[in-house]
Amino acid sequence: MTTRSVRIPDEVDSLLVDAAEAEHLSINAAIVQAVDNWARAQRHRAQVRAITTQVMAEDAGLLSRLADA
């Protein structure tokens, strides 16, 4: 397991504490959950961008005809 030290602005820390308490989570668990969700969302967005680029390249002619319709 890795240990990291981060600086969190006071207003963000207040949000974090309130959210963690509301979910009955430790601050650490809330941070881990938030980072996990963010990282997975970033990976998903990258996959969607790659697939969109691929579809646009493969179907450029079709997309062009649809634009002219």
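Numbering of residues starts from 1 in each chain and follows the order in which that chain's sequence is written. Selection of residues for local features in this predicted model requires a pLDDT of at least 70, selection of side-chain atom pairs for listing and counting requires 80 or more, and totals for whole chains, interfaces and linings are taken over all residues. Each side-chain value is worked out from all heavy atoms of the structure, with water and hydrogens disregarded.

A. Up close: the overall build of the protein chain. Only DSSP runs of H or I covering at least 4 residues are called helices, and only runs of E covering at least 2 are called strands; the numbering of each starts at the N terminus. For the protein chain, the count of helices and strands is 3 helices and 0 strands. The N-to-C order of helical and strand elements in the protein chain reads α-α-α. In this treatment the radius of gyration is a C-alpha quantity, and the globule benchmark scales as 2.2 Å times the residue count to the 0.38 power. Relative to the 2.2 N^0.38 estimate, which gives 11 Å for 69 residues, the radius of gyration of the protein chain is 21 Å and therefore markedly larger than a compact globule would have. Per-residue burial for the protein chain yields a buried fraction of 4% across its 69 residues. If you sum the accessible surface of the protein chain, you get close to 6400 Å²; carbon and sulfur atoms cover 57% of it. Side-chain charges in the protein chain split into 7 positive and 10 negative, and the spacing between the mean points of these groups amounts to 11 Å. For every residue, the accessible area (1.4 Å probe, protein chains only) is compared with the maximum for its type, and the residue is labelled buried under 20%, exposed over 50%, or partly exposed between those bounds. Method for areas: the Shrake-Rupley scheme with a 1.4 Å probe, in which residue coverage is limited to the protein chains shown. Charge counting follows a simple rule: Lys and Arg are positive, Asp and Glu are negative, and His as well as the terminal groups are ignored. Positions of charges follow a simple convention, taking NZ of Lys, CZ of Arg, CG of Asp or CD of Glu.

B. Fine view of a nonpolar patch on the surface. A contiguous nonpolar patch, built from Val6, Ile8, Val12, Ile27, Ile31 and Val35 and spanning about 440 Å² of accessible area, is present on the exposed surface. By secondary structure assignment, the location of Ile8 is in the segment before helix H1 (10-22). Patch membership needs two things, relative accessible area over 30% and no salt bridge, and members are linked within 9 Å if like-charged or within 5 Å if nonpolar (Val, Leu, Ile, Met, Phe, Trp, Tyr). Should a side-chain nitrogen of Lys or Arg be within 4 Å of a carboxyl oxygen of Asp or Glu, the pair is scored as a salt bridge.

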